[in-house]
Amino acid sequence: MGAYYDEIEIEDFAWDDVAQVFHYPCPCGDRFQISRQQLAAGEDVAICPSCSLVVRVVYDQVRAMCCVFGIVGGRADWGG
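Throughout this description, residue numbers start from 1 for each chain and increase along the sequence as written. Two thresholds apply to this predicted model, a pLDDT of at least 70 for residue-level local features and 80 or more for giving and counting side-chain atom pairs, whereas whole-chain, interface and lining totals are computed over all residues. Based on all heavy atoms of the structure, the side-chain values leave hydrogens and waters out of the count.

- If you look the protein chain up in an unreviewed UniProt entry, it shows as Diphthamide biosynthesis protein 3 from Plicaturopsis crispa FD-325 SS-3.
- UniProt positions are given in the numbering used here, feature names are shortened, and annotations may be inferred rather than shown by experiment. The record in UniProt for the protein chain states the following under Subunit (unreviewed entry): "Component of the 2-(3-amino-3-carboxypropyl)histidine synthase complex composed of DPH1, DPH2, DPH3 and a NADH-dependent reductase, predominantly CBR1."
- Recorded in UniProt for the protein chain, the comment headed Sequence similarities (unreviewed entry) runs: "Belongs to the DPH3 family."

### Section: unusual backbone geometry
Item 1. Phi at Gln20 takes a positive value of approximately 60 degrees, unusual for a residue other than glycine.
Item 2. Numbering of helices and strands runs from the N terminus; a helix is a DSSP stretch of H or I covering at least four residues, while a strand is a stretch of E covering at least two. Looking at the element boundaries, Gln20 is found in the loop between strand E2 (14–16) and strand E3 (21–25).

### Let's talk about the pairing of strand E4 (residues 31–35)
Item 1. For two strands to count as paired, DSSP must find a minimum of two bridges between them. As paired elements, E3 and E4 share five bridges and run antiparallel to each other. In the strand pairing of E4, Phe22 is matched with Ile34.
Item 2. Here E3 folds back onto E4 in antiparallel fashion, the turn holding five residues, of which Gly29 has a positive phi close to 110 degrees.

### Let's talk about the packing of aromatic side chains
Item 1. Centres within 6.5 Å make a pair out of two Phe, Tyr or Trp rings, where for Trp the six-membered ring is used; the pair is then stacked when the planes are under 30 degrees apart, edge-to-face when over 60, and tilted otherwise. By the definition in use, this model includes three aromatic pairs.
Item 2. Centroid distance Phe13 to Tyr24: 5.5 Å. Interplanar angle 40 degrees. Geometry classified as tilted. Here the residue Phe13 occupies a position in the loop between strand E1 (6–9) and E2, and Tyr24 occupies one in strand E3, the gap between them amounting to 11 residues.
Item 3. Only protein chains enter the accessibility calculation, which uses a 1.4 Å probe. A residue is then buried if its area is under 20% of the maximum for its type, exposed if over 50%, and partly exposed in between. Looking at Phe13, the relative accessible area reads 0%, which means it is buried.
Item 4. Ring plane angle 65 degrees and centroid distance 4.8 Å describe the contact between Trp15 and Phe22, whose orientation is recorded as edge-to-face.
Item 5. Here Trp15 falls in the buried class, since its relative accessible area comes to 10%.
Item 6. Owing to a relative accessible area of 1%, Phe22 belongs among the buried residues under this scheme.
Item 7. Charge-over-ring contacts are defined here by two conditions on Lys NZ or Arg CZ: a distance within 6 Å of the ring centre and an angle within 35 degrees of the ring normal. Sitting above the plane of the Trp15 ring, Arg36 keeps its charged end 4.3 Å from the centroid.

### With respect to the pattern of salt bridges
Item 1. We define a salt bridge as a contact between a side-chain nitrogen of Lys or Arg and a carboxyl oxygen of Asp or Glu at a distance within 4 Å. Per the stated rule, a full pass over the model turns up three salt bridges.
Item 2. A salt bridge links Glu7 to Arg56; the nearest nitrogen and oxygen atoms lie 3.6 Å apart. Here Glu7 is found in strand E1, whereas its partner Arg56 is found in strand E6 (residues 54–58), with 49 residues between them in sequence.
Item 3. Residues participating in the shared-partner salt-bridge network are Glu7, Asp44 and Arg56.

Here it is as structure tokens:
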């Protein structure tokens, strides 16, 4: 992918249990979103459904797969 608006650690994303996605605030007022399935497939781009901005999600894929993306307190928990 070309230019990213920013690079954001997965730990800074919040988990939405209803929508089943990680999300992070976008400057347009909506939220960047990426699902567990996308992360498990090695994707690292979260998109905003309301504008053209995209961010690169920074995460350790091996660690993420081992921990099966456990969620604690609405935040990504890597089980450190």
